[in-house]
Amino acid sequence: MEISEIKQQLTISNVLHYYGLKTDKQSRICCPFHEDKTPSMQVYYKTQTAYCFSSNCKTHGKSMDVIDFIMHKENSTKGEAIRKAKEIVGYQKPDSKERYQPELSREQFLGNMYQYFKNAVSNSKPAKDYLQQRNLDFKKTEIGYNAGQFHHGARKDENVINQCLEYGLLIDKNILGRTGEKAYGVFGKWCICFALKNRNNEVTGLYFRSTLNDKESKHFYLKNRKGLYPNYPEPNTKKLILTESIIDGASLLQVKEIAENYSVLACYGTNGLTEEHQQAIQELPQLEEIIFFFDNDSAGKEAVQKYGAMLKAEYPKLKITTAEPINKDINETLQLHNEEIFIELLNNRTALNFSFSIENKKEETKEEKAPFGGLGAIDFLKRKHLLKNLNQEIGKAGIVGEENSRLLLFLITISYLNKSPLHALVQGSSGSGKTHIISRIADLMPQEDVLRFTRITESSLYNWGEFDLFQKVVIIEDLDGLKEDALYALREFISNQVLRSSVTIKDKKGNNKSSHKIVKGQFSSLSATTKGETYEDNMSRSFLIAVDESKEQTQRIIEYQNKRNAGEIDPNESQRTIHFIQQIVRNLKHYEVINPYATKLNLPEKVHKIRRLNEMYQAVIKQVTFLNQYQRKLTKDNQLITEIEDIEQATEILFESIVLKVDELDGSLRQFFERLKKHVKNENQDFILRDIRQTLNVSKTQVFRYIQTLTELEYIKQTGGYANKGIKYKISYWDNYQKLRAEIKDFLMLQIQKLKTENNIAPSKPKNKTLSMIVNESV
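Residues numbered from 1 in each chain as written. Predicted model: local features only at pLDDT ≥ 70, side-chain atom pairs only at ≥ 80, totals over all residues. Heavy atoms only, no water.

S.K.: Looking at this structure, how should I read the sheet that holds strand β8 (residues 203–210)?
M.R.: Sheet strands line up and pair through hydrogen bonds in the backbone, either parallel or antiparallel. The four strands are arranged β4-β7-β8-β9 in an open sheet whose pairing can be described as antiparallel. Edge positions in the sheet fall to β4 (144–146) and β9 (219–221), since each has one partner strand and no second. Strand-to-strand, the axes of this sheet are offset by a mean angle of 35°, without reference to chain direction. Bridge analysis of β8 against β9 gives three bridges, and the strand direction is antiparallel. Considered in β9, the bridge of Phe208 is made with Phe220. Docked against the sheet, helix α5 (residues 106–121) engages β4, β7 (191–197) and β8, running at close to 35° with respect to β8. (Pairing = 2+ DSSP bridges. Helix = DSSP H or I, 4+ residues; strand = E, 2+ residues; numbered from the N terminus. Axes fitted to C-alpha atoms, helices over the stretch in contact; angles between N-to-C directions. Contact = heavy atoms within 4.5 Å.)

S.K.: I tried to follow the environment of Ala309 on my own but got confused; where do I start?
M.R.: On the secondary structure map, Ala309 appears in helix α11 (residues 298–314). Along the backbone, Ala309 and Asn353 are 44 residues apart, and their C-alpha atoms lie at a distance of 9.1 Å.

S.K.: Even after reading the chapter, I still don't get the sheet that holds strand β20 (residues 523–529), so can you show me in this structure?
M.R.: The strand order β16-β17-β20-β15-β21 describes an open sheet built from five strands, whose pairing is parallel. The two strands at the open ends of the sheet, each matched to only one other strand, are β16 (450–453) and β21 (542–546). Across the sheet, the mean angle separating the axes of adjacent strands is 15° when strand polarity is ignored. Sitting on the sheet, helix α17 (residues 403–413) is in contact with β15 (423–427), β17 (472–476), β20 and β21, with an inclination near 160° to β21.

S.K.: How should I be thinking about the side chain of Thr642 in this particular structure?
M.R.: Turning to its location among the elements, Thr642 is positioned in the loop between β23 (639–641) and α24 (644–662). Only 2.9 Å separates the side chain of Thr642 from the side chain of Thr625, close enough to count as a polar contact. When neighbours within four sequence positions are excluded, Thr642 is seen to be in contact with Val593, Ile594, Asn595, Pro596, Tyr597, Ile621, Thr625 and Ile647. (Polar contact = N/O pair within 3.5 Å; in protein donor to acceptor, adjacent residues only side chain to side chain.)

S.K.: Help me understand the pairing of strand β3 (residues 49–52) in this model?
M.R.: Side chains on a regular strand alternate between the two faces of the sheet. As paired elements, strand β2 (residues 41–44) and β3 share four bridges and run antiparallel to each other. Of the residues in β3, the one forming a bridge with Tyr44 is Thr49. Turn length for the β2-β3 hairpin, with the two strands adjacent in sequence and antiparallel, is four residues, and the turn residue Gln48 shows positive phi of about 55°.

S.K.: What is the right way to read the packing of α5 against helix α7 (residues 158–167) from this model?
M.R.: For any two helices packed against each other, one specifies the inter-axial angle together with the distance between the axes. Where α5 contacts α7, the axes come no closer than 11 Å and their chain directions differ by 105°. Comparing their axes, α7 and α5 come out roughly perpendicular. Residue-level inspection shows Arg106, Phe109, Leu110 and Met113 of α5 in contact with α7, the latter providing Val160, Gln163, Cys164 and Tyr167. Split by residue class, the contact of α5 with α7 holds six nonpolar, one polar and one charged. (Parallel < 35°, antiparallel > 145°, perpendicular 65-115°, else oblique. Nonpolar A, V, L, I, M, F, W, Y, C, P; charged D, E, K, R; others polar.)

S.K.: Teacher, can you tell me more about the packing of helix α16 (residues 386–396) against α17 here?
M.R.: Running from N to C, α16 and α17 point in directions that differ by 100°, and their axes come no closer than 10 Å. As judged from the angle between their axes, α16 and α17 are roughly perpendicular. Residues Leu387, Leu390, Asn391, Ile394 and Gly395 of α16 lie in contact with α17, whose contacting residues are Glu403, Arg406, Leu407 and Phe410.

S.K.: Please explain helix α18 (residues 434–443) as it appears in this structure.
M.R.: Because the α-helix completes a turn every 3.6 residues, residues three or four places apart line up on one side. Here α18 lies mainly inside the structure; seven of its 10 residues are buried. Every buried residue belonging to α18 is among Lys434, Ile437, Ile438, Ser439, Ile441, Ala442 and Asp443, and all of these are buried. (Buried < 20%, exposed > 50% of the residue type's maximum accessible area, 1.4 Å probe, protein only.)

S.K.: What is the right way to look at the side chain of His423 in this model?
M.R.: Among the secondary structure elements, His423 is positioned in strand β15. Note on His423: relative accessible area 3%, which makes it buried. Engagement of the side chain of His423 in a polar contact is seen with the side chain of Ser525, the distance being 2.7 Å.

S.K.: What is the right way to look at unusual backbone geometry in this model?
M.R.: It is generally the case that most residues other than glycine have a negative phi and that most peptide bonds are trans. Tyr229 connects to Pro230 through a cis peptide bond whose omega is 0°. Along the chain, Pro230 falls in the loop between β9 and β10 (239–243). With a phi close to 60°, Trp190 is a non-glycine residue in the positive phi region. Note that Trp190 resides in the loop between β6 (182–186) and β7. Overall, Trp190 belongs to the partly exposed group, its relative accessible area being 41%. A positive phi angle, near 55°, is found at Asn224, a position not held by glycine.

No statement about biological role is implied by the geometric values presented.
Next up, the structure:
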């Protein structure tokens with residue numbers, strides 16, 4: 001083996017691992033060549049060298065490669081050091097069975113898999129053709145290829161399959177192959193592959209880029225993404241280039257002059273400057289300049305301005321500059337030009353201008369207050385009045401009015417991140433906007449987690465893979481269109497989070513045999529219906545939410561539509577807000593929640609199905625605590641602790657649903673009845689249906705359905721009239737709905753005020769009219 005081959009195969013990380021030496025966060029170690037125990041030796045992963053800054057060291061002033069390091073460590077000649085290096089290469093080189101060992105760490109296993117993917121490139125014509133098309137040289141840059149064959153044939157092993165399932169390289173779809181054996185889906189199949197690395201230069205994540213012309217499935221990250229590409233920058237970095245994508249970063253690393261004079265760090269898209277990127281930048285004490293080299297399009301330029309301003313505010317002494325590729329992005333520029341073009345582009349980079357004119361100062365200040373990106377989302381989650389601020393952002397995303405309902409739907413939807421997800425039935429008459437509101441709430445979730453269905457067939461839910469519906473958001477646009485068998489499966493899924501079925505399959509000989517199929521479903525769901533009460537009775541953990549069909553809400557919607565059509569509402573602001581809220585959801589971490597006040601909370605005795613509603617009330621309190629996780633304390637067992645503020649906010653949000661549970665009229669019917677009472681004015685006044693249709697602007701079908709139900713419940717009665725001239729009705733039961741609402745509100749808020757008094761917390765001012773206020777007004 002030649003010295004060049006040894007240096008190519010043996011990294012400084014391998015040598016340190018062999019001698020049991022570990023680096024700190026700044027990639028420094030205690031030098032093994034003198035007695036000083038402070039970390040004085042710097043390790044440079046990019047150049048694969050080490051340098052000791054201590055004047056007491058015999059190596060001081062020398063930049064050591066792996067051979068020099070071994071020679072000094074072993075106190076040997078260069079020839080002996082080379083032989084030792086060969087031994088270490090043999091020690092480090094994975095045994096053909098090593099990736100099958102069951103006790104490998106995530107880093108070791110992914111490192112071995114990545115080595116397998118790298119070896120596969122030279123044997124794969126599709127991979128080489130694709131890399132040639134992208135002008136990427138796998139001999140200069142570390143690139144792998146996943147042909148999806150690593151668990152087949154002679155390579156098949158239960159240990160590797162189990163670890164691939166654990167880390168996400170294989171997906172259990174709960175199906176059998178033609179041979180009758182279990183078949184798996186391969187994550188990132190037919191993709192080139194890049195490694196994401198931690199501070200110790202270990203592989204902690206993988207990024208896959210499809211080699212097929214599939215516009216919908218281009219980029220894949222392994223679940224629980226960790227690590228940076230190509231690695232953490234060296235601590236002595238002075239100039240750092242940030243690219244928009246990993247392939248752009250790989251393209252720049254092929255340019256020798258750039259690799260030697262700059263550090264490169266790839267972001268994960270225009271919204272992909274993550275907290276880990278921020279932490280890595282923070283750990284660069286000698287950093288002088290950050291160069292943004294994003295795509296030459298509007299999204300790239302907006303991201304540069306956004307992140308540039310954020311970094312400038314964080315590090316005011318840093319120089320922030322930008323370079324723009326000639327073509328759409330760096331890789332496309334590499335395909336169409338020589339490498340020298342990048343040196344010219346970097347030499348002509350310009351400083352970002354963060355100043356603004358007096359005329360635009362007010363507007364710019366408003367934009368700066370809105371946090372964007374990964375770090376901005378966390379800052380937003382740490383701010384006071386989180387729910388109020390979030391509700392305003394949801395409004396900017398295009399949901400007009402419905403302030404409490406939209407916030408409750410948001411809390412219900414993000415419950416898919418927890419072990420006990422919640423569900424909502426949004427009820428309203430035809431054309432009331434119920435489908436619109438659930439669709440817009442779904443837009444606020446990370447779209448990779450959302451499944452939208454217009455129709456669900458009788459057996460389709462049984463045919464998903466075992467974990468395909470795990471941590472998902474399910475949107476059902478028309479629950480009324482589902483047949484009974486499909487509804488039964490959905491009810492079981494919601495109640496038990498699992499479907500078990502006995503199915504018939506063929507064995508290896510083609511004979512039929514029975515098999516047990518399991519589909520697990522930890523998902524939250526939003527469904528639109530005109531008959532909420534019918535389904536709500538049969539679905540546990542399901543909230544019934546009525547769409548606001550009042551004249552005031554209709555007027556708000558019309559005003560919004562008119563402003564949008566007049567160009568007074570910026571559609572880009574809505575999209576920016578949606579992306580920002582998606583970032584907020586992505587930054588929420590799973591926690592169990594403990595409510596120390598749970599035993600002191602009660603619901604009014606008038607509530608129907610109080611057992612179920614009490615569980616749902618406690619669940620919403622937990623969801624509010626979960627959303628406030630960056631502002632809440634943790635127990636020793638890493639559980640979030642509910643505060644009284646969470647209970648107060650949850651009560652305010654859930655109040656309408658609690659009232660619906662007390663009221664025997666459902667949401668749409670209650671709204672109609674209150675409008676009817678307002679029109680009729682007193683109990684002695686007769687009315688006919690034609691007058692009601694024309695005055696309340698309600699269709700004939702809806703009025704007939706409402707009147708029929710109210711008659712059955714004895715709220716109204718027939719008093720005369722004729723079929724050809726119109727049947728006359730009177731209101732026979734004139735309930736005091738507003739007083740009932742006030743009584744419930746008083747009951748709930750008084751027990752919260754009692755909790756505050758017991759815990760020496762100042763009582764808050766009432767946001768709604770209480771019973772006493774209503775009584776005083778009547779007096």
